[in-house]
Structures are given as structure tokens and as C-alpha cells.
Amino acid sequence: MVTLQVNGRTYSYDGDPSVPLLWVLRDELGLTGTKFGCGIGLCGACTVHIDGAAARSCLLTAEQASGKEVVTIEGLDPTGNGNHPVQVAWREASAPQCGYCHAGQIMNAAALLAKTPKPSQDEILTAMNGNICRCGCYQRINEAILLATAGV
Amino acid sequence: MTHMFESALIQPGTVVNLSRRFVLKGLVSAGTLVIGTSFLPGAARAASAWKTGADLMTGGTVNNPHVFIAIDSSGVVTILASRAEMGTGIRTSLPMVVADEMEADWSQVRVEQAPGDNIKYGNQDTDGSRSVRHFFWPMRQCGAAMRMMLEQAAAARWEIDVSSVRAQNHEVVNLVTSEVVGYGALAKAASALAVPPVEALRFKDPRDFRYIGTGAIQIVDLRDITMGKATYGLDAKMPGMKFAVIAHPPVVGGKVVSYDASETLKVPGVEKVVTLATSPFPLAFQPLGGVAVIARSTGSAIKGREKLKVVWDDGPNASYDSVAYRAQMEEAVTKPGLVVRDDGDAEGALKSAAKVISATYYLPHLAHASMEPPTATAHVADGKCVAYVSCQWPGDCQTDVAKALGIARENVTIYPLLMGGAFGRKSCYDYVIEAALLSKATGQPIKVVWTREDDLQHDTYHTVSVERIDAGVDKDGKVVAWRHRTCAPSLMSTFKNDYDHQSPIELGMGVVDNPFDIPNLRCENPAAKAHVRIGWFRVVSNIPHAFAIQSMVGEIAAALGRDQRDMLLEMIGPARTLDPRTFRGVKDFWNYGDPVETWPIETGRLSRVVEIATDKIGWGRSLPKGHGLGVAGHRCFLSYIATAVEVAVDDKGNLSIPRVETAIDCGFYINPERIRALCEGGAVMGTALAKNSEMTFKNGRAQQSNFHDFLLARITEVPLKVGVHIVPADLNIPSSGVGEPPLAPFAPALCNAIFAATGKRIRNLPIGNQLAT
């Protein structure tokens, strides 16, 4: 039995502890906001926060996540209203097209801003380079992060 | 109480009691309503103000407000989106047309997604960049009819003539007494009225549009997307659902000879292993076959598949080698091919030309690689099927799932969820049929998940192509001859065996419809046989055709010492209206499925977008060392689009793209905010295919498996400064495509800019390390 702390709640998972956290979140806990894109840590769609830092949930087993504080897109704003500054800025910039990768983009950006509240343009691009968007929303993703940095 | 249609009782993706769902009448019912005769099934379809080719497609269009609009007594207006959402914003744009025309207040509008049913909702093939041009008028008619019914109900309530009332922002005003009554209070009475016939409809003055054309409305899913609450195909949930990943034959058309699942079944969480039969050629959208591993989670299914031992018969494509195939195509374009256009005497004009400029261009197979891979969730029970899908063609999907299960179409309910990108891949719904067959075999709800490796191994790839162009210039520097040989396996090969020439669809994407003012213009198409599944990839064959043609314009300009923009505008020639059906040798010109009478080729519109894009980028200005400007302009999906690119190449050959300006003329438009987004995205996807993306094959197997070797564009390499300029157009200029066109001009504009910056001409994509010094 693996005990997981996700978005402030405690879950018990009785399955294979070596399954990636991504699939436990999605298929066992029903937290489908975290997306699958590549399964090998190259696209960032599955980004969550582990003890406050951005992490790829496809690379981490359920067991490895046990005992750590996991936050997914559903819990980014603890009030549940989607009003974390990055989420607000994202809407202000009308960033998404299909939107599928954006949970991961938002989680990655939020982790960046938690660590570096006023990142330079280069720091933003470097931090976001691991998150792929196939529709090509990068211009607005960048704009949204700049907006969040400025405090919308 | 809700009037008009029975609003959805089930929100997609929520956990529902499946057995209960089967006794429902379906998502949408018009059962108790009085329906105008013009809307009876099979009766007159919506008459569009501009004539389209929509009626040639299954189901045509539907403009019945009973089908698309519901109003509840509190005034909430629910509008059905019948086209699938893959990221273009169509799920917002078409309901916005209904809302605007019926004078609904957008803040009181909810959008729901229609299930798959081409007959009930009109054709649902969401591709071809055709949703707006085919459905703007039917949706406008729907909204106008609803507004008039609300006005009629209000007039009856006040016992005054309908000319004394006016619908206005979600209420009807009594022009005599200034009383108002809200839409909610009128819903029941309005829903009992006959729908006015199309010829009686009165439309709003376009100057009074509140939403159309303003760009002020954001996509309806925006908030949910930012919260992780938007429901994509991969997010579907059904009670008791199991998860399947499938070991497909490594070579398309291959079959399972034998397998050993003993180790797989020992993997914790794995429950079952089920075989799927390989479909015969032509595959169309049928399953590839293989062995499915079914488990309690996708992660367990993936682990189980890793332990599976399968012996495959690779079938007829086992020797496909893309390097050898490329050499064959390069050889083919050195010789005459099937003549598909033959204006004047190109051969003679090339012989007598003062100068001949020749070049051969190559574009590899590309994978769609939508961030959400193919996925579907289905439950088959009691002779019925319910499926939640990520699919561009929910209507045809309903039909084909029914055929695969051997049940009636009416017994299949397809709920299209949001697609996490699609780009043409999710027109092919093989994975939905897989989910249905696996559910039937197991009796359980099954979610099929394709991993990224599955997606790249068995995409419906963009074709691979070699284009050779020979241009003859006379002594005065005028281009007098053009011979274009285009060689590529056809997407029609996916649907017909032994189809080895490009179809009129592909040839009509820039080759035979070439608008250049050249008297001797010949197009040839040498044969090429397909060895993988070929499908639609955003903007389709316009990618290689525009790349070759627009690069060639740059090459001619360079050979003559001319400015590239001037050369392009001269070759487009004076403003004129062209009908390719009159070009000698052109057969079955398709014009993107729509009438040439409505959408002829208008060269003045093409020139104008070239002028706008180049003006905006400051064409002719002095540039820093290593910088260059390039342009490309192309008509595709009935729109005119030009992109100008500023590139910077450093001493080591590293490329960056400081600025892009795109001009698009797509006729009358609904949502300029989304048009801008799609053009920005075109520059990103264009960067990927120009710089790095390539699928290659050896022994019939794709050699790329994930994002380490199939490279997409990342934020550090794309143009972040992309200006988008939309040519204003009123309702007299029919709408045309937006979703696909932005990709077409990007690569040639970039490569023309690279030539301006470095003197190096890129003829083979991707660029890869060709610029390295």
C-alpha cells in the first residue's frame, strides 16, 4: 500500500508501486488534469509539483512520490477557483489553442515564479524549454508568464 | 424546464451509470416540438447565401433551431457545437454566430457538444478548414429563426403585431409600451411555434453584430483549461473502466503469427490479453491489428506490453526503406510523368529560353504528433455502444463503429470530447474501433491509449515528396516557361489499393492551380506507391508544393539579380480571376470541395497579402549582419496567405527567427482573435517542420519513436514576435479556411530568408545541420 499526499489530501493506492505517478494520478485517483504526452520526460505535459518543485510525473514512481507533497493543476489554487496568478495571466493572454499541454505549462511556470518571482526573459525561456506545445502557443505562453510576473 | 431540445443529462467525462444511459432517448430530442416542414429529415437543407459544396458531404448542413438551440425558463441558452474541437476555437465560433444572430447575451449562453451524427447535425468531418465556410450561414439561419420565433411569442403575449416588437440582447422589447420580456419567459411559447422557412428569415444588419468579427469573445473552455478541468478524449471516465495498450504490428499491414503473454499476465495490474485482427488493405480507418494488454491502469498495461513476446508476419511493406525510396522519387522527376496541366508549350519554351533555372526539393514524411495521442473509451453492452472519443469525424466514426460491431448506427453513441491537438490524424478513428472491439470482447468499458511510440510508429503520416521545377526565362527576364514535376505517394492509397498517382485533391493543392502569369505551364506527376498509411497533415500537400514553388521564385529572383518580393508579385501578375477548370489538361479540379463560382482564384488578393506581409516586416530595410528577409505567398483552402520572415544566422550556422509577419485574407471572418492564434501557431509548427521534423523508415519500421528523435519546436527556437494582419472583408466575400493555411508559406519564407542572409539555398527539409559551418 502506497500513501500519497495530493493537493492536501491523503490517498491510499493498493496497486503496483512501480507504476509512474502520472498513471496513478490519472487512472487511479481520477485527477486527469495532469496529461500524458511522451512518458519519458521530454514534453512536460505531466508536470506536477513535488515538494514545491516542478517534476515530470511520468518519470517518478508512485513509491517515489510517497511521503512527498504532490500538487497537481487541480490543486494549484488551493481555493479551487483557478485564481493562481499564473492561471489568471493565462486567461488574460488567451494562451491556449487545444490547451492539452497547458496544465503542464502552467505548473512549470508556477514553479518557476515561486522560485524566481522576477525572472528575466532568458530565464523564462530556459525554464519553459522542456514543455512542448504542438499547436504553437509559445508566444502567448511567454506573454502570460510576463503578465504573471508583472502581477495582473 | 428546458425547451427546444432536451439538454444533455450527462456531461462528457463524468462518471455515469451506463445502464441508465441506454434507456435515454439520446442526448438531444426534438420529440414534442412542432417542426416546420422544411426541416423534416431529408427535406430541404439550409440554403446558404453563398453556395458551398457541403451538400456533397454526408448529411450536408442542418439549420434547424430545434436541433441546435435550447432555452430554459431561467433564460439560459444552450447552443450545440456540432463540429469537433481540436484547438481552432470552432466550438466557440459557430455557437457565437447563433448567439449573435438570435440576440442572445453571450454571458447567458452555454455551449454543449453534439454527439456524432452526420444526419441529425449535418456533416461533422471537422477538417479541410471548412467549418466556417460551410456552417456560417446555417448557424446564422438557425439564430435568425430562433430570434423571430421569440419575437412572435412576445407579440402574441402582448397581443400586438410582430412588427411592434424587437429582440434585443436576450429580451424582447415592446416598441409600443417599452415593456420587455426575457427569453426565459418566452421559451415555452416560442418553442411551440413553427420554424420560419429560410426565405422568410430576416437577418441582423452586420453592423449590429455584437460578437462576430470583434475578437472580444474568449474560447468557452478557457477557464476549465487553466484549471485542469477541461475534458479531453484521454480524460474520459466510465465506471469499471479498464485500460488497454496495444502491441501493433511493427510494419503496417503486418499480422500476429503467435504470441506468448505468460510474463505479461504476471505483471501486477494486468488482467487480460486480447488479440485484434489485422484489417485487409486498403486499411482506410480500420484497426491495424495486434495484441492488446488490458490492465487496471495505463501504466500497468504499458508494463505488461513490455513483457509481451509476439512473432509477427511483417507483410508486404516489410522492405520499405525511405532512403532508397527517396532516390527512386528523385530519379522519377528526371523523366516525364503523367501530364496533369499543359498550358501553352512548356517543353518548347524551355528549349528556347534564354536561361533555364532548375531545382529539386524534398520533404520527408511528417508525423502529426498531437500532444494528446490517439485515444478512445468505449463500452459495448446489450447490443449498444457508447464511446467518448478524441476524434475529428464523430459522424463517420458512429457509422464505422456500428459496422465494426455489426449493430445499427442508432445504437452507437459517440461523444466527442476536446481533442488535445489533431492536425488531421484524428480524422482516422482506428483507435475508436479498437476500443469498441475490445469492449465487445471483454464486456468491460475499455480505454485505449496509444503511447507516443505507438503514435509515431503508426501515424497516418504526411506524405513524402520530391518536387522538381524547371523555369525558363526569356532575354527580357520574364518567366515564360514553368515545368513542375511532383512526385509523392497519395493519401488516396489509404482508401484504395494500387493508387499510385496524386489525386486531384493533392494536385489541386498548389500544383495545377498555380496562379502564376506564365504562358507555358506544364505539370507532371510521376507515379509513386505508398508503403505506409498516408493521411491528412495540417495544410496537406500544400506544404511540399508551396515549399517548392515559393523557393523556386526565390531562386529565379537570385539568378536574375531581382528582388524576391518584386519577382513574386510579377509572377502572380495583374489582378485577375482564374478558373483552373479552364486550364488545359486539368481534370477534376476540386477547389477544396467547393464551387469555383463562389471561390475562384483571385490573384489580386494573393498579391495584396504578399504586399501586406512584406510591408509590415519592413521589406528592403537595411539589416544587421547575418540577417535576411524572405517571403512566400500561397492560396490554399480558398484563403490567401503570405508570410514574411526575418532570420538571423550566426557564424556557426545557428538559426534564430527574430520576426515573422503574416497576412491572411480569409474572406468574412468570425473570430479574429483565434485567427491570430492560429497564425502564430503556424509559425511554430512551421519552424518544427522546416528545422527538425522528419520520419524515416527502414525495414518498414518507423525509425523515430519519441520526442528525442522526432523533434518538435521548443520555446527557445520559435519566433516569439509574430505579427498577424487580417484583410478586412464584409459578407460579400465568402469565408474561407483558417485552421490549415498558416503552415503553408512558413518554410519557404524561412528558406528564402536564409538564402538572403547566407547565400545558402535549402532545398531539402528539414534544415537539420545544413547551415553548420
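Residues numbered from 1 in each chain as written. Chains lettered and ligands numbered in written order. Predicted model: local features only at pLDDT ≥ 70, side-chain atom pairs only at ≥ 80, totals over all residues.

So, the pairing of strand β15 (residues 375-381) of chain B
Residues and elements named next belong to chain B.
Part 1 of the reasoning: For β15, a buried count of six out of seven residues is recorded, marking the element as mostly surrounded by other parts of the structure.
Part 2 of the reasoning: Bridging between β15 and strand β18 (residues 446-449) involves four bridges; their strand directions are antiparallel. Bridge assignment links T375 to a residue of β18, and that residue is V449.
Part 3 of the reasoning: Here β15 hands over to strand β16 (residues 384-389) after two residues, with D382 in that stretch at a positive phi of 55°. (Buried ≥ 20, exposed ≤ 12 C-beta atoms within 10 Å, placed from the backbone. Helix = DSSP H or I, 4+ residues; strand = E, 2+ residues; numbered from the N terminus. Pairing = 2+ DSSP bridges.)

Let's talk about the packing of helix α3 (residues 85-92) of chain A against helix α6 (residues 138-150) of chain A
Residues and elements named next belong to chain A.
Part 1 of the reasoning: At a minimum axis separation of 8 Å, α3 and α6 run at an interaxial angle of 130°. Classified by the angle between their axes, α3 and α6 sit oblique to one another. As for how α3 packs across α6, the hand of that crossing is right-handed. Contacts between α3 and α6 involve P85, V86, A89, W90 and E92 on the former and, on the latter, A144, L147 and A148.
Part 2 of the reasoning: Of the residues in the contact of α3 with α6, the class split is seven nonpolar, no polar and one charged. (Axes fitted to C-alpha atoms, helices over the stretch in contact; angles between N-to-C directions. Parallel < 35°, antiparallel > 145°, perpendicular 65-115°, else oblique. Left-handed = near helix turned anticlockwise from the far one by under 90°. Contact = placed C-beta atoms within 7 Å. Nonpolar A, V, L, I, M, F, W, Y, C, P; charged D, E, K, R; others polar.)

Notes on the interface of chain A and chain B
Part 1 of the reasoning: In this assembly, 49 residues from chain A lie in contact with 51 residues from chain B.
Part 2 of the reasoning: Of all the elements in the fold, those that place two or more residues in the side of chain A that touches chain B are α1 (21-28), α3, α4 (102-115), α5 (121-128) and α6 of chain A.
Part 3 of the reasoning: Residues belonging to the side of chain A that touches chain B are distributed by class as follows: 25 nonpolar, 17 polar and seven charged.

Describing the nonpolar core
Residues and elements named next belong to chain B.
Part 1 of the reasoning: By size, the foremost hydrophobic cluster in this structure holds 298 residues, and its most contacted members are A244, A387, V389, V432 and A436.
Part 2 of the reasoning: Of all the elements, helix α5 (residues 131-158) adds the most residues to this core, at 14 residues.
Part 3 of the reasoning: Apart from residues lying up to four places away in sequence, A436 is in contact with A378, V380, C385, A387, V401, A404 and L405. (Core = buried A, V, L, I, M, F, W, Y, C linked by C-beta atoms within 7 Å.)

Comments concerning unusual backbone geometry
Residue and element names in this part refer to chain B.
Part 1 of the reasoning: Omega for the bond connecting F281 with P282 falls within 30 degrees of zero, at -5°, which places this linkage in the cis form.
Part 2 of the reasoning: One can find P282 in the loop between β10 (270-276) and β11 (290-295).
Part 3 of the reasoning: Residues L765 and P766 are joined by a peptide bond in cis, for which omega reads 0°.
Part 4 of the reasoning: For P766, the location among the structural elements is in the segment after α19 (746-758).
Part 5 of the reasoning: Its identity as a non-glycine residue notwithstanding, F423 has a phi of 60°, on the positive side.
Part 6 of the reasoning: By the element assignment, F423 lies in the loop between β17 (412-416) and α12 (430-442).
Part 7 of the reasoning: The backbone of V540 sits at a positive phi, close to 50°, despite the residue not being glycine.
Part 8 of the reasoning: We classify V540 as buried; it has 25 C-beta atoms within 10 Å.

Some words on the domain arrangement of chain B
Reports often express the size of an interface as the amount of accessible area lost when the parts come together.
Residue and element names in this part refer to chain B.
Part 1 of the reasoning: Looking at chain B, the domain boundaries give domain 1 (2-226), domain 2 (233-316 + 374-449) and domain 3 (322-367 + 460-758).
Part 2 of the reasoning: Between the C-alpha centres of domain 2 and domain 3 the distance comes to 36 Å.
Part 3 of the reasoning: Tallying the contact residues gives 13 residues for domain 2 and 13 residues for domain 3.
Part 4 of the reasoning: Taken together, the residues of the side of domain 2 that touches domain 3 sort by class into nine nonpolar, two polar and two charged. (Domains from an automatic or database assignment.)

Focus on the packing of α5(B) against helix α6 (residues 183-191) of chain B
Residues and elements named next belong to chain B.
Part 1 of the reasoning: Between α5 and α6, the least distance of the axes is 9 Å, while the angle of their chain directions is 95°. What the angle tells us is that α5 and α6 run roughly perpendicular. From α5, M149, L150, A153, A154, A156 and R157 reach across to α6, where they touch Y183, L186, A189 and A190.
Part 2 of the reasoning: Broken down by class, the residue content of the contact of α5 with α6 amounts to nine nonpolar, no polar and one charged.

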